[in-house]
Amino acid sequence: MFVPNFTVRSPHVRYTTDAIEATYRYETTQVETDGATGEAVAVPTAATYHFRTATKVGRVGLMLVGLGGNNGSTVTAAIAANRRGLSWRTKAGEQSANYLGSILMSSTLRVGADAATGEEVHTPLRSLLPMVHPNDLVVGGWDINSADLGTAMRRAAVLDVGAQVQLEEELSSIVPLPSVMYGDFIAANQAARADNLLPGDDKGAHLARIRADIRDFKTANDIDTVVVLWTANTERFAALTPGVNDTADALLAAIDASHPEVSPSTLFAVAAILEGCPYVNGSPQNTFVPGAVDLAVRHDVFIGGDDFKSGQTKFKSVLVDFLVQAGLKPTAIVSYNHLGNNDGRNLSAPSQFRSKEISKSSVVDDVVASNALLYPPGPGGAPPKGPDHVVVIKYVPAVGDSKRALDEYTSDIFMGGTNTIVAHNTCEDSLLASPLILDLAILAELSTRITYRTPEMQRHTHFHPVLSLLSYLLKAPIVPDGAPVVNALFKQRACLDNLLRACVGLPPENDMRLEQRAHPAQPAGSRATAAAAAAAATGAAAEADAAPAAAAAKAGIRRVDAEGVRPSIPSKEFGGATAINGLNSNAWNANGMGTARSGERAGGGGAVAGEAAAPA
Ligand SMILES: NC(=O)c1ccc[n+]([C@@H]2O[C@H](COP(=O)([O-])OP(=O)(O)OC[C@H]3O[C@@H](n4cnc5c(N)ncnc54)[C@H](O)[C@@H]3O)[C@@H](O)[C@H]2O)c1
Ligand SMILES: O=P([O-])([O-])O[C@@H]1[C@@H](O)[C@H](O)[C@@H](O)[C@H](O)[C@@H]1O
């Protein structure tokens, strides 16, 4: 069953005029270990979080560093194409604009089981909380190359010509702002591209200009929130240098002194942080030197990165997790690809390749560390020896943006056996990365509207400025100091889903389905189950077993019709799903009406029906 959206009825969730407030009981397990005896004691723990999500989204701007690149021009073109509902002829037939590859626009999550039938109920991931629609993003940004976006789109050769010709005029009106290029941070082969640079080499003046660009963009477009996102070329790593980039003050002083180890990506990060804008790094370099993190914490501004996790590496983070979770032991991972776009050209230089090699290699570290049976610690507690892991990237101009990726995974299996899995994938790299840019920007903006408070805290506050919530979308996720890095893809996704669920007071998805394992088995969605669930939600659980209908009635809840649960009524809007005009035909409420939420309901408009739940 699919529902386009839903509301939560709980004494712990409140929908106010400008926020969703939820009191959430966070349950986890702490383990007390004794190094001397090796004893470990697991202790279930619980804590209360009061979440508050401001529901007014406002106008959101996305400023891309590298706007004229394959990713930058492609994502900008895709937003325009979707906004206009474009379609175009291809040799395979008619193609329409879409947001495939965006988890917010094209993936769902399980809300729960239908109260009447027990059927799984799914909803779009984006329906959990109010988010900006990508069609409404206002896009701008910078590039070291002056080409307008119509020219850049043609140069990228990523989108079908049928789409390009319809978009060219609109995109040609977008011209990247001048940017900065320092030393050897990107490959020397990029120099010919750099005809759009800020004058001089005063990094302090450049910082001031970029900050002014952000403010001007906000004002000119009447924008409430700007997200700045790096999709420019991969830089070499900056040398971590005490007194230069180890603290916020050192970094600011280094910029004023135009220190050569301050990279363009770090300069943009500082500009965004000082302007209060979330900053996301879509490339693998160490933009977030300690001084940049220190500055983000000081200003309570979100930073996220590193390196879009788009295809080959996303696949790797799934396959290695599957193998290790299956008790099989990967012993070798060979990850080869070649591509012919400008990214590939930049990565053909050793220093820039090294940045990418690091991000593409680190993605299995958490899975290896999770299984000491397969990968025992080294001598003296040294890290375990993981699988041999080779990353190869070759630049082959002829293939353009159509990256060819070949992977070989060799594993030890039962009784001395060996298993080898070979995978090949081909795709336009930018068509995998562009939807991630949208998800990163939308989640970064959403995060600015989420605050939480524990009973010990005086007031609500944001999550830690290092926004590890974005990890699912990134190869080498940055996390707050001391926090573990999680790379396993479905663990990252579960974290995101469950955190959004917590913001609306829903428990984490645990896939236990205990109600379906009871014995004697309860018929799926039996009235007793539904009434028990309804009554339990209102604290009348004890009566539900005795007289389901009476209990449900007493709890002030009436079925939508007195005869019991109305059979699912397929609706043309949702392809036969049991929803009518955004209402779930089996919806319960105090007024016998379907419960709907304003906003995206089919036909739009309308306030939240039914009474607001008791305050959190
Ligand atoms: N699937 C993917 O495409 C993918 C996945 C993960 C990461 N990435 C990373 O995303 C980045 C962009 O990829 P792409 O394919 O769009 O590359 P691209 O070379 O087509 O685009 C990069 C753009 O950045 C510009 N640029 C370089 N330095 C700049 C600076 N200092 N300021 C402003 N603009 C600057 C270049 O002129 C170019 O237009 C690369 O770092 C790449 O490694 C891409
Ligand atoms: O698909 P993925 O591995 O996530 O990411 C891609 C790499 O495979 C490719 O080698 C590189 O050129 C791209 O910039 C991108 O990083």
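Numbers given for residues are sequential positions, taken from 1 along each chain in its written order. Starting at A for chains and at 1 for ligands, labels are handed out in the order in which the entities are written. The predicted origin of the model limits local features to residues at a pLDDT of at least 70 and limits the giving and counting of side-chain atom pairs to 80 or more, whereas totals for whole chains, interfaces and linings rest on all residues. Excluding hydrogens and water, the side-chain values take into account all heavy atoms of the structure.

As a further point, take the site of ligand 1. Note on terminology: near, applied to a residue and a molecule or strand, indicates that one of the residue's heavy atoms is within 4 Å of it. Around ligand 1, 30 residues are found, and the nearest of them are Asn 70, Asp 143, Ser 179, Ser 283 and Lys 356. Exposure was quantified through the Shrake-Rupley algorithm and a 1.4 Å probe, taking into account, for residues, occlusion by the shown protein chains and nothing else. Protein burial of ligand 1: of its 830 Å² of free accessible surface, 99% is covered by the chains. For the shell around ligand 1, the secondary structure elements donating two or more residues are helix 1 (70-83), helix 10 (342-347) and helix 13 (429-447). Polar here means any residue outside two lists: the nonpolar Ala, Val, Leu, Ile, Met, Phe, Trp, Tyr, Cys and Pro, and the charged Asp, Glu, Lys and Arg; Gly therefore counts as polar. Residues of the shell around ligand 1, tallied by class, amount to 10 nonpolar, 13 polar and 7 charged. In this structure, the shell around ligand 1 is formed jointly by two domains, domain 1 (60-79 + 134-308) and domain 2 (312-429), each of which donates at least three residues. Helix numbering and strand numbering both begin at the N terminus, where a helix is a DSSP run of H or I of at least 4 residues and a strand a DSSP run of E of at least 2. In this entry, domain limits derive from an automatic or database-based domain assignment.

What follows covers the environment of Asn 498. By secondary structure assignment, the location of Asn 498 is in helix 14 (residues 489-502). For Asn 498, a relative accessible area of 16% translates into the label buried. Residues Asn 498 and Leu 109, 389 residues apart in the sequence, show an inter-C-alpha distance of 9.9 Å. Per-residue accessibility, obtained with a 1.4 Å probe over protein chains only, is compared with the maximum for each type, and a residue is labelled buried under 20%, exposed over 50%, and partly exposed between these values.

Glancing now at helix 8 (residues 290-299). Three or more residues of helix 8 are buried, namely Gly 291, Ala 292, Leu 295 and Ala 296. On an axial view of helix 8, the arc spanned by its buried residues comes to 140 degrees, and they lie on one face. What makes two residues a contact is simply this: any of their non-hydrogen atoms within 4.5 Å. Packing partners of the buried residues in helix 8 comprise helix 6 (248-256), helix 7 (264-274) and strand 12 (303-305). Note on helix 8: the residue one or two positions beyond its end, Asp 300, has a positive phi of about 55 degrees. Our arc is simply the arc of the directions from the helix axis toward the C-beta atoms.

Attention now moves to the site of ligand 2. Taken together, 16 residues form the shell around ligand 2, and within it Thr 313, Asp 343, Lys 360, Lys 403 and Lys 475 come nearest. Within the side chain of Asn 337, an N or O atom sits 2.6 Å from an oxygen atom of ligand 2. Asp 343 places a side-chain nitrogen or oxygen 2.6 Å from an oxygen atom of ligand 2. Contact with the protein chains covers 96% of the free accessible surface of ligand 2, which is 370 Å². The class makeup of the residues in the shell around ligand 2 is 4 nonpolar, 5 polar and 7 charged. Counted as a polar contact is a pair of N or O atoms within 3.5 Å, where, for protein atoms, one must be capable of donating a hydrogen and the other of accepting one, and residues adjacent in sequence contribute only when both atoms are in side chains.

Take unusual backbone geometry next. Across the junction of Gly 305 and Asp 306, the peptide omega takes the value 5 degrees, indicating a cis bond. Secondary-structure assignment places Asp 306 in the loop between strand 12 and helix 9 (312-325). At Asp 511, a position not held by glycine, the phi torsion is positive, near 60 degrees. One can find Asp 511 in the loop between helix 14 and helix 15 (527-537).

Segmentation of the protein chain into domains returns domain 1 (60-79 + 134-308) and domain 2 (312-429). A C-alpha centroid distance of 29 Å is found between domain 1 and domain 2. If you look at the interface, domain 1 gives 18 residues, while domain 2 gives 16 residues. Roughly 1300 Å² is buried in total at the junction of domain 1 and domain 2, and carbon and sulfur atoms are behind 44% of that figure. Just to be clear on terms, a salt bridge is a Lys or Arg side-chain nitrogen sitting within 4 Å of an Asp or Glu carboxyl oxygen. Run the count over domain 1 and domain 2 and you get 1 salt bridge. Looking at side-chain class alone, the side of domain 1 that touches domain 2 contains 7 nonpolar, 6 polar and 5 charged residues. A simple way to read buried area is as the amount of 1.4 Å-probe accessible surface that goes missing from two parts once joined, with both sides added.

This next bit is on the packing of aromatic side chains. A pair of Phe, Tyr and Trp rings is counted when the ring centres sit within 6.5 Å of each other, with Trp represented by its six-membered ring. The angle between the planes then sorts it: under 30 degrees is stacked, over 60 is edge-to-face, the rest tilted. Counted according to the given criterion, the structure contains 9 aromatic pairs. Judged by centre distance (6.1 Å) and plane angle (20 degrees), the rings of Tyr 452 and Phe 463 are stacked. A residue pair is termed long-range when its members are at least 10 positions apart, and Tyr 452 in strand 17 (residues 450-453) and Phe 463 in the loop between strand 17 and helix 14 qualify at 11 residues. A residue is classified by how much of its surface remains accessible, and Tyr 452, at 19% relative accessible area, is buried. One aromatic cluster is present, built from ring pairs that chain together Tyr 24, Tyr 26, Tyr 49, Phe 51, Tyr 452 and Phe 463. Geometrically, a charge over a ring is one whose NZ (Lys) or CZ (Arg) sits within 6 Å of the ring centre while staying within 35 degrees of the ring normal. One Lys or Arg, Arg 493, reaches over the ring of Tyr 472 and ends 6.0 Å from the middle of that ring.

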